Amino acid sequence: MAASRRFARKLPSIISKHQRLISPEIENLETLEDLMRTSLLHHYLHSTSPASIRLDPSLPLLPLAVSHLSPPSPLPALPSAHASSPASLLRLLRRAWHHPRLAPLDLHFLLAAASASSAFRPDHRLTSLLAARLAASCRLLSLRRLLQLVISRPCPCADDSIFACPELLPAFRKAILAFATSGDIPSASDVLASLRRAADSPLPAEFYNIILHALARLRRHDDAISFYGEMTSVHRVAPDAYTFNILINSSCQVEGVDAAMRWFEEMRRRSCAPTGVSFNTLMRGFFRERRYKEGIKVAHEMLQLGVGLSVASMEILIGGLCHGGEVLKAAEVFAEFLVDAVVPEGFDCLGLVESLCHGGSVDKAVEVLELALEKNRACCLSVPAGVTVLECLLKSVKLDEVCRLMGRMVGEGVVPDTISCNCIFEALCEAERTSDANRLRILAKEKGFKADGVTYSMLVQGFGRERRRKEGEAVLDEMLDLGFIPNITAYNRLLDSLHMRKSLQ
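Residues numbered from 1 in each chain as written. Predicted model: local features only at pLDDT ≥ 70, side-chain atom pairs only at ≥ 80, totals over all residues. Heavy atoms only, no water.

Things to note about the overall build of the protein
And then number 1: A tally of regular secondary structure across the protein gives 26 helices and zero strands.
And then number 2: A buried classification covers 46% of the 505 residues belonging to the protein.
And then number 3: Excluding contacts between residues fewer than 6 apart, the proportion of contacts in the protein whose partners are at least 24 apart in sequence is 65%.
And then number 4: Approximately 26100 Å² of the protein is accessible, and the part contributed by carbon and sulfur atoms is 53%. (Helix = DSSP H or I, 4+ residues; strand = E, 2+ residues; numbered from the N terminus. Buried < 20%, exposed > 50% of the residue type's maximum accessible area, 1.4 Å probe, protein only. Contact = heavy atoms within 4.5 Å. Areas by Shrake-Rupley, 256 points an atom, 1.4 Å probe, with all protein chains shown as cover.)

Written out as structure tokens, the structure reads:
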């Protein structure tokens, strides 16, 4: 209790210290001057150079004196030797990245170095590193200040050429992505405009797609269409497949699949080849509006154009039909594609099988499984899918179908888990078909099935009920060899179930 009271008294000061570390702020000018006197940045912040750059007031200011938070080997002093060149400053920033007090001051280092010398110009490695860090930490105001510095002081590698630095685009791309992700579309557009003025050649559609996707994600569909018009008409940028995929998806969600089809036709008119994402989006849109025939037609068109069906395409197709109540139609389409060998490897028919079983079409589910096994497409048949059908057959007391289907599944390498096998073996033993259960166990054992003590106990008891002592004794001996019998009492109990009066003694 005393320790708890002491901790409660110290808690406000602990929280205050933590907030000062993660959110360092300067409350007034007097505090700022005190910190400046104790900071190692004093040399840079008070530079009288005519080309000095003022610090961003929103940036954190902290003294850089070595404290208990400093690493065992303190970082070197900052004056001129470590900020005389972009390479030296880059090494310093990389070393200070994990320091709790120096990490928030990364842009301060750059601005201080730029203030100390009008000849200092950050190279593309330094600006790319800072842009990535500022974007990752959502310091958007600092990121904007960095871009202003990059534009005002070009990269040194552009000195020997009339062209801009070729590595300018990655840093600006990070900035555009950061502003667009935060929902600040005007700032992202401003950065894009600045890059357009600084770059030597027209920008690729990739930069415009970032803003276009942000507008679509914010459900600003009209603004997205206007931005596309500005992109193609004003700036003469050729849209790519990603551009049209964004517009197709946005149209499906806001206006409907008919509006998305118009963008699909525009995509073809511009000789832009549709991708699987384009067709999948249209297919999902048709199924959302319960236009199943058009959705199936999209799948056939994918095959005709050579795009091919992906796992996502099959999940949209089969899942859309099943959720819409067209389970039998989904089974028909799946069987058709399975015969044509166009079903992609990795697609699992579990959803289709579950829908068929829950809808009472167990026989159709059996046909789907047998067709998958016949076409050697066991990759489409997972263990849960097979177990689902076997459980439905057990509930219908169709033990002959269970034995036949499980035998085929095991032969193709689709071996049910131990619990599922035990349920099947138990149903067969209770129906006095223990020999069939033992046969399936031996067949599954060759394919990697590992029986447990429950499996052997059920078989021994089943043979005992059927008075088949010889088979039961063989199973009991195997059980003993595998160590599933803990003591002689358990062994004698199993012998009693076989009506055999002998023991290990």
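Structural notes on the packing of aromatic side chains
And then number 1: Summed over the entire model, instances satisfying the criterion amount to eight aromatic pairs.
And then number 2: Both rings, one in Tyr228 and one in Trp263, keep their centres 5.1 Å apart while their planes meet at 90 degrees; by these two values the pair is edge-to-face. With a gap of 35 residues between them, Tyr228 in helix H11 (residues 221-234) and Trp263 in helix H13 (residues 257-269) connect regions that are remote in the sequence.
And then number 3: Taking the centre distance of 5.4 Å and the plane angle of 70 degrees together, the rings of Phe264 and Phe279 count as edge-to-face. (Phe/Tyr/Trp six-rings, centres within 6.5 Å; stacked < 30°, edge-to-face > 60°.)

Here we look at the side chain of Ser251
And then number 1: With respect to the helices, strands and loops of the structure, Ser251 is situated in helix H12 (residues 241-254).
And then number 2: Judged by its relative accessible area of 0%, Ser251 is buried.
And then number 3: Polar contacts involving the side chain of Ser251 include one to the side chain of Trp263, which spans 3.2 Å.
And then number 4: In contact with Ser251, not counting residues within four places along its chain, are His221, Gly256, Ala259, Ala260 and Trp263. (Polar contact = N/O pair within 3.5 Å; in protein donor to acceptor, adjacent residues only side chain to side chain.)

Describing the nonpolar core
And then number 1: Counting 146 residues, the largest nonpolar core has Leu317 and Phe334 as its most contacted members.
And then number 2: Top contributing element to this core by residue count: helix H10 (residues 205-217), with nine residues.
And then number 3: Setting aside its immediate chain neighbours within four residues, Phe334 contacts Met314, Ile318, Val343, Phe347, Cys349, Leu352, Val368 and Cys380. (Core = buried A, V, L, I, M, F, W, Y, C linked by side-chain atoms within 4.5 Å.)

Quick notes on the pattern of salt bridges
And then number 1: All told, the structure shown has 19 salt bridges when counted by the stated rule.
And then number 2: The partner of Glu370 in a salt bridge is Arg404, with the nearest N and O atoms 2.3 Å apart. With Glu370 in helix H19 (residues 362-374) and Arg404 in helix H21 (residues 399-411), the pair connects residues that are 34 residues apart, well separated along the chain.
And then number 3: Classification of Glu370 by relative accessible area gives buried; the value is 18%.
And then number 4: For Arg404, a relative accessible area of 35% corresponds to the partly exposed category.
And then number 5: Linked through salt bridges whose partners overlap, the residues forming this network are Asp258, Glu289, Arg291 and Glu294. (Salt bridge = Lys/Arg side-chain N within 4 Å of Asp/Glu carboxyl O.)

Brief notes about unusual backbone geometry
And then number 1: Positive phi, normally seen in glycine, also occurs at Arg236, with a value near 55 degrees.
And then number 2: Inspection of the secondary structure puts Arg236 in the loop between H11 and H12.
And then number 3: Arg236 gets classed as exposed once you look at its relative accessible area, which sits at 69%.
And then number 4: The residue Val397 is not glycine, and still its phi comes out positive at about 55 degrees.
And then number 5: Position of Val397 relative to the elements: it lies in the loop between helix H20 (383-395) and H21.

A look at helix H4 (residues 86-95)
And then number 1: For H4, every residue scored as buried is listed here: Pro86, Ser88, Leu89, Leu90, Leu92 and Leu93.
And then number 2: Tucked into the core, H4 has its buried residues touching helix H5 (106-116) and helix H6 (124-136).

As for helix H26 (residues 488-497)
And then number 1: Taken together, the buried positions of H26 are Ala490, Tyr491, Leu494 and Leu495. Taken end-on, H26 shows its buried residues confined to a sector of 140 degrees, consistent with a single buried face.
And then number 2: Looking at the buried residues of H26, the elements they touch are helix H24 (453-465) and helix H25 (469-481).
And then number 3: Its side-chain oxygen 3.2 Å from the backbone nitrogen of Thr489, Asn487 forms the N-cap of H26. (Arc of directions from axis to C-beta.)

Thoughts on the packing of H4 against H6
And then number 1: The N-to-C vectors of H4 and H6 enclose an angle of 30 degrees; their axes lie 9 Å apart at closest approach. Looking at the two axes, H4 sits roughly parallel to H6. When the axes of H4 and H6 are compared, the crossing they make is left-handed. Contacts from Pro86, Ala87, Leu89, Leu90, Leu93 and Arg94 of H4 reach H6 at Arg125, Leu126, Leu129, Leu130 and Arg133.
And then number 2: In terms of residue class, the contact of H4 with H6 is made up of eight nonpolar, no polar and three charged. (Axes fitted to C-alpha atoms, helices over the stretch in contact; angles between N-to-C directions. Parallel < 35°, antiparallel > 145°, perpendicular 65-115°, else oblique. Left-handed = near helix turned anticlockwise from the far one by under 90°. Nonpolar A, V, L, I, M, F, W, Y, C, P; charged D, E, K, R; others polar.)

Quick look at the confidence of the model for the protein
And then number 1: Counting all residues, the mean pLDDT for the protein is 80, and 80% of those residues have values of 70 or more.
And then number 2: Confidence drops under pLDDT 50 across residues 21-82; counting only partners more than four residues distant or on other chains, this segment forms 103 contacts.
And then number 3: Here residues 501-505 scores under 50 on pLDDT; set against residues more than four positions off or in separate chains, the count is 11 contacts. (pLDDT = per-residue confidence, 0-100.)

Here's the deal with the environment of Asp106
And then number 1: You can see Asp106 is positioned in helix H5.
And then number 2: Separated by 14 residues in the primary sequence, Asp106 and Leu92 have C-alpha atoms spaced 9.3 Å apart.
And then number 3: Excluding its chain neighbours within four sequence positions, the residues that come into contact with Asp106 are Leu93, Trp97, Leu130, Arg133, Leu134 and Arg139.

Notes on the packing of H12 against H13
Relative orientation and spacing of two packed helices are given, respectively, by the angle between their axes and the distance between those axes.
And then number 1: Closest axis-to-axis distance for the H12/H13 pair is 7 Å, and the angle between their directions is 165 degrees. Relative to H13, the element H12 lies roughly antiparallel. Where H12 crosses over H13, the two elements pack in a sense that is right-handed. Across the interface between the two elements, Ala241, Phe244, Asn245, Leu247, Ile248, Ser251 and Cys252 of H12 pack against Val257, Ala259, Ala260, Trp263, Phe264, Glu266 and Met267 of H13.
And then number 2: Residue composition of the contact of H12 with H13, by class: 11 nonpolar, two polar and one charged.

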